[in-house]
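# Breakdown of the fold
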Amino acid sequence: MFGISEIALLLIVVIVVLAAKRLPDLVRSAGKATRILKAENRAMKDGVHPDDDGPPPRVIKARPGDVINSRVQDATHDEPGPRG
């Protein structure tokens, strides 16, 4: 009967014959994916992320009372609670 290599070769031939119109697009997208993967791998080895634009963003720390005091108080409701 057929061995693994014969079946693999047969499947490759069938795929090429049946998907001849789509094959260039598939190869092109596989090439793009490979380039992206290589670039990300290279960036990880260098320790630099390719999307980094500069220094990390500033973190602004608020004291516990700052958030509550900055809210606008509604004149009709003196107590916080569900609206309705």
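Here is a short report on the structure shown in this document.

Cut-offs applied
- Residues numbered from 1 in each chain as written.
- Predicted model: local features only at pLDDT ≥ 70, side-chain atom pairs only at ≥ 80, totals over all residues.
- Heavy atoms only, no water.
- Helix = DSSP H or I, 4+ residues; strand = E, 2+ residues; numbered from the N terminus.
- Buried < 20%, exposed > 50% of the residue type's maximum accessible area, 1.4 Å probe, protein only.
- Areas by Shrake-Rupley, 256 points an atom, 1.4 Å probe, with all protein chains shown as cover.
- Salt bridge = Lys/Arg side-chain N within 4 Å of Asp/Glu carboxyl O.
- Patch = residues over 30% accessible without salt bridge, like charges linked within 9 Å, V, L, I, M, F, W, Y side chains within 5 Å.
- Expected span 1.5 Å × (residues − 1).

## A short note on the overall build of the chain
Across its full length, the chain carries three helices and zero strands. Secondary structure elements of the chain occur, N-terminal to C-terminal, as α-α-α. For the chain, the residues scored as buried account for 1% of the 84 residues in total. On the chain, roughly 8800 Å² of surface is accessible, and the fraction owed to carbon and sulfur atoms is 63%.

## Focus on the pattern of salt bridges
For the coordinates displayed, the defined rule picks out one salt bridge. For R28, the salt bridge is made with D25, and the minimal N-O distance between the two is 2.8 Å. Here R28 pairs with D25, and both are found in helix α2 (residues 23–46), just three residues apart, close to one helical turn. Residue R28 is classed as partly exposed on the basis of its relative accessible area of 48%.

## Some details on a nonpolar patch on the surface
The grouping of L9, L10, V13, V14, V17 and L18 at the surface amounts to a nonpolar patch, some 600 Å² of accessible area in total. Checked against the element boundaries, V13 lands in helix α1 (residues 4–18). Of the residues examined, V13 reaches a relative accessible area of 43% and is grouped as partly exposed.

## Some details on α2
Its 24 residues give α2 an end-to-end C-alpha distance of 35 Å, which sits within 8% of 34 Å, the value for a rise of 1.5 Å per residue. In the stretch just after α2, G47 is the one whose phi turns positive, near 85°.

By themselves, these observations are geometric and do not establish any function.
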